[in-house]
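# Examining the three-dimensional arrangement
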Amino acid sequence: MSRIGWSLHGDGRRVSPGAVVAPHERLSWPRTLGIGMQHVVAMFGATILVPAITGFDASTTLFFSAAGTALFLLITGNRLPSYLGSSFAFIAPILAATATGGQSAAVGGVLVTGVLLAVVGVVVHVAGARWIDLVMPPIVTGTIVALIGLNLAPVAWGLPQPDGSFSGFRGAPLTALVTLAAIVLTTVLFRGMLGRLAILVGVVVGYLFALLRGEVDLAGVREAAWVGLPSFTAPSLDLGVLVLFLPVVLVLVAENVGHVKSVAAMTGQDLDPLMGRALAADGAATTLAGLGGGSGTTTYAENIGVMAATKVYSTAAYWVAAGAALVLSMSPKFGALVGSVPVGVLGGAATLLYGMIGILGARIWVQNRVDFSDPVNLTTAGIAIIVGIANYTWIPREGLEFTGIALGTAAALGIYHVMRVLARWRGTSQEPASPASVPGGDELDRAGTPRH
């Protein structure tokens, strides 16, 4: 179905056991409204946390999240259910870009990232998705995702501020610890939607704790209007800043491809023909955000969880979610409230979030059964991750700086492909490169002879 419109699923009131509500179907409108609001709640915590950490305006980010979701649904012909929320992959480059070139330069980075992702989407739509697997095999994709999360570790702990204080965890250790503990306990103590919203619950608990301790400045909240347009920021292009955002394109490609394959598996439909459209749509949404001061977007796993729980994959619910998010974005007071979240709360939540990004990279390796006895895989991941964690820096000339994420991404891509070509040429791909990559022992049979 390529138009805006849905057929009613059954009687519109229930989903039979084993059945799913397909993207082109819907339940009754009251039920669709309810499910749409669930999607708003599911995306809310993560989407507003990104502007809280980066200093972007929360209302503006939410506005472009809503507009981007609607744009995504239109470009994919209303056939691919997805909510576009703030991508954590943008946090590191935005923080670095803001520190050197201001928010306008950071927004310019978001804009260019969106354009490049849209171009990738067009290429995939025309040429097919096979080339993505060739250029970015799981060892490379997992490594890039992991190094982005691990590169942010110092930010989670806290960096010195001009006034002598610290951001992050050590800016308010007790509040950060309470926030982190609330997230951990919510995750294991509660079932259903509340358990999935552990980060949002933890942030709320930490905020209330900080409020009791006098760590929250509510002056901006009191002065802000209840209704008004978000504040917009025009982008500026700085080559030294733009290179920080290039690795994010690869992460967004991996996230979108994973999203399409997940929805296809759950609905039993072949959605591969929509892969290019999905990438181009997320690129268009991120470009739109970059034009006005919003954070870059990505398809949200949180909302996949809602679909898996409800068995409702109707794109109608996502139109509802986009509309609700748009309404929320029209409240400057809401944006000021998000902006008042203190450093301790952000540090506690960031400790988990950045670590999760790193572990998601390892999850890609596990899911794809990456063989680390292969010296090419081991060397690729080992070097690139250290470059990312230590934040290696290269300044070829004044105004142009490559840091850990960009260099680590380049290392992962370059090392893998060069080593793979040379190893195949020389026939050395199965020779262990170090004690960490020697056979694990199961390559021998019980008599102690090698298996063939």
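What counts and how
Per chain, residues are indexed from 1 in the order of the written sequence. Side-chain atom pairs in this predicted model are given and counted only at pLDDT of 80 or more, local residue features only at pLDDT of at least 70, and totals for whole chains, interfaces and linings cover all residues. Only hydrogens and water are set aside; all other atoms, that is, all heavy atoms of the structure, feed into the side-chain values. Whether two aromatic rings pair depends on their centres lying within 6.5 Å, for rings of Phe, Tyr and Trp, where Trp uses its six-membered ring; planes under 30 degrees apart make the pair stacked, over 60 edge-to-face, and the rest tilted. Strands are runs of DSSP state E lasting at least two residues, helices are runs of H or I lasting at least four, and both sets are numbered from the N terminus onward. Given the number of residues in a helix, its expected span is that number minus one, multiplied by 1.5 Å. Patches here are clusters of residues that have more than 30% relative accessible area and form no salt bridge, with a 9 Å joining cutoff for like charges and a 5 Å cutoff for nonpolar side chains (Val, Leu, Ile, Met, Phe, Trp, Tyr). Accessible areas in this description were obtained via Shrake-Rupley with a 1.4 Å probe; residue shielding takes into account the shown protein chains only. Basic side-chain nitrogens of Lys or Arg form a salt bridge, by our definition, when they fall within 4 Å of a carboxyl oxygen of Asp or Glu. When accessible area is computed with a 1.4 Å probe and restricted to protein chains, residues below 20% of their type maximum are described as buried, those above 50% as exposed, and intermediate ones as partly exposed. Here a polar contact is recorded for every N or O atom pair within 3.5 Å, except that within protein the pair must consist of a potential hydrogen donor and a potential acceptor, and residues adjacent in sequence are included only if both atoms are side-chain atoms. Any two residues whose heavy atoms approach within 4.5 Å are treated as being in contact. As used here, the arc belongs to the directions running from the helix axis to the C-beta atoms. For every residue, the predictor states its confidence as a pLDDT score lying anywhere from 0 to 100. What makes a nonpolar core is a set of buried Ala, Val, Leu, Ile, Met, Phe, Trp, Tyr and Cys residues whose side-chain atoms join them at distances within 4.5 Å. Lines fitted to the C-alpha atoms define the axes, with helices restricted to the stretch that makes contact. Angles between their N-to-C directions range from 0 to 180 degrees. Convention used here: angles under 35 degrees read as roughly parallel, angles over 145 as roughly antiparallel, angles from 65 to 115 as roughly perpendicular, and any remaining angle as oblique. Two helices crossing with the near one rotated counterclockwise from the far one by less than a right angle form a left-handed crossing, whereas a clockwise rotation gives a right-handed crossing. Just so you know the grouping, Ala, Val, Leu, Ile, Met, Phe, Trp, Tyr, Cys and Pro go in nonpolar, Asp, Glu, Lys and Arg go in charged, and all remaining residues, Gly too, go in polar.

The next subject is the packing of aromatic side chains. Applying the stated rule across the entire model yields seven aromatic pairs. Here the aromatic rings of Trp6 and Trp29 are separated by 6.0 Å at their centres, their planes lie at 85 degrees, and the arrangement is edge-to-face. Here Trp29 lies in helix α1 (residues 29-54) and Trp6 lies in the segment before β1 (7-8), a separation of 23 residues in the sequence. Ring centres 5.9 Å apart and planes at 75 degrees place the aromatic pair Phe64 and Phe232 in the edge-to-face group.

Its 22 residues place the ends of helix α12 (residues 246-267) 33 Å apart at the C-alpha level, agreeing with the 32 Å of an ideal helix rising 1.5 Å per residue. One or two residues past the end of α12 sits Gly268, with phi positive at roughly 75 degrees.

This part is about a nonpolar patch on the surface. A contiguous nonpolar patch, built from Val115, Val119, Val123, Trp131, Leu134 and Val135 and spanning about 460 Å² of accessible area, is present on the exposed surface. Taken together, the elements giving at least two residues each to the nonpolar patch come down to α3 (91-127) and α4 (130-135). Here Val123 shows up in helix α3.

Residue position: Thr60 is located in helix α2 (residues 58-75). A relative accessible area of 0% means that Thr60 is categorised as buried. A polar contact of 2.5 Å, which involves the side chain of Thr60, links it to the backbone oxygen of Ser231. Residues contacting Thr60, with those up to four places away along its chain left out, are Pro230, Ser231, Phe232, Gly292, Gly293 and Gly294.

On to helix α9 (residues 198-212), then. The periodicity of an α-helix, 3.6 residues per turn, causes residues three or four places apart in sequence to face the same way. Taking 1.5 Å of rise per residue, 15 residues should cover 21 Å, and α9 covers 21 Å from first to last C-alpha, within 8% of that figure. Turning to α9, its buried residues are Ala198, Ile199, Gly202, Val203, Gly206, Tyr207 and Ala210. Viewed along the axis of α9, the buried residues span an arc of 165 degrees, placing them on a single side of the element. Once α9 ends, the next one or two residues include Gly214, with phi positive near 75 degrees.

Here the idea is simple: oppositely charged side chains can pair when their charged atoms come close. For the structure on display, the rule yields three salt bridges. Between Arg13 and Asp11 there is a salt bridge, with the nearest N and O atoms lying 3.6 Å from each other. In this structure Arg13 comes out as partly exposed when scored by relative accessible area, which is 49%. Overall, Asp11 belongs to the partly exposed group, its relative accessible area being 35%. The shortest N-O distance in the salt bridge between Arg420 and Asp374 comes to 3.1 Å.

Right, let's get into the confidence of the model for the protein chain. Looking at the protein chain as a whole, the pLDDT averages 83, with 91% of positions reaching at least 70. Of all secondary-structure elements in the protein chain, the lowest mean pLDDT belongs to helix α8 (residues 192-196), at 65, while helix α13 (residues 275-292) reaches the highest, 94.

Let's shift gears to the side chain of Thr54. Inspection of the secondary structure assignment puts Thr54 in helix α1. Here Phe56 takes part through its backbone nitrogen, which lies 3.4 Å from a polar atom of the side chain of Thr54. If near-sequence neighbours (up to four positions away) are discounted, Thr54 is found in contact with Ile91, Ile94 and Leu95.

Moving on, we get to the nonpolar core. Counting 101 residues, the largest nonpolar core has Leu49, Leu80, Phe245 and Tyr354 as the members making the most contacts within it. Counting residues per element, this core draws most heavily on α3, at eleven residues. If sequence neighbours within four positions are ignored, Tyr354 has contacts with Ile53, Ile91, Gly149, Leu152, Val155 and Ala156. Within the second largest apolar cluster, five residues are counted, among which are Val21, Ile35, Val312 and Ala317.

Positionally, Pro160 belongs in the loop between α6 (153-157) and α7 (173-189). Considering only alpha carbons, one finds Pro160 and Arg170, ten residues apart in sequence, at a separation of 9.7 Å. The residues contacting Pro160, other than those within four sequence positions of it, are Ser165, Phe166 and Arg170.

Attention now goes to the packing of helix α5 (residues 138-151) against helix α18 (residues 375-390). For the pair α5 and α18, the least separation of the axes is 8 Å and the interaxial angle reads 20 degrees. In terms of orientation, α5 and α18 fall into the roughly parallel class. Crossing hand, α5 versus α18: right-handed. Here Ile139, Thr143, Ala146, Leu147, Leu150 and Asn151 of α5 come into contact with α18, specifically with Asn377, Thr380, Ala381, Ala384, Ile385, Gly388 and Ile389. A breakdown of the residues in the contact of α5 with α18 according to their chemical character gives eight nonpolar, five polar and no charged.

For the rest of this paragraph, the subject is the environment of Trp29. Taking relative accessible area as the criterion, Trp29 reaches 40% and is therefore assigned partly exposed. In the structure, Trp29 is positioned 277 residues away from Val306 in sequence and 18 Å away in space, judged by C-alpha atoms. Non-local contacts of Trp29, meaning those with residues more than four positions away in its chain, are made with Trp6 and Ala316.

Following both chains from N to C, one finds α5 and helix α19 (residues 404-426) inclined at 160 degrees, their axes separated by 10 Å at the closest point. Overall, the two elements α5 and α19 adopt an arrangement that is roughly antiparallel. The handedness of the crossing between α5 and α19 comes out as right-handed. Between α5 and α19, the residues in contact are Ile139, Val140, Thr143, Ile144, Leu147, Ile148 and Asn151 and Gly404, Ile405, Gly408, Thr409, Ala412, Leu413 and Tyr416, respectively. Each residue belonging to the contact of α5 with α19 can be placed in one class, and the counts come to nine nonpolar, five polar and no charged.

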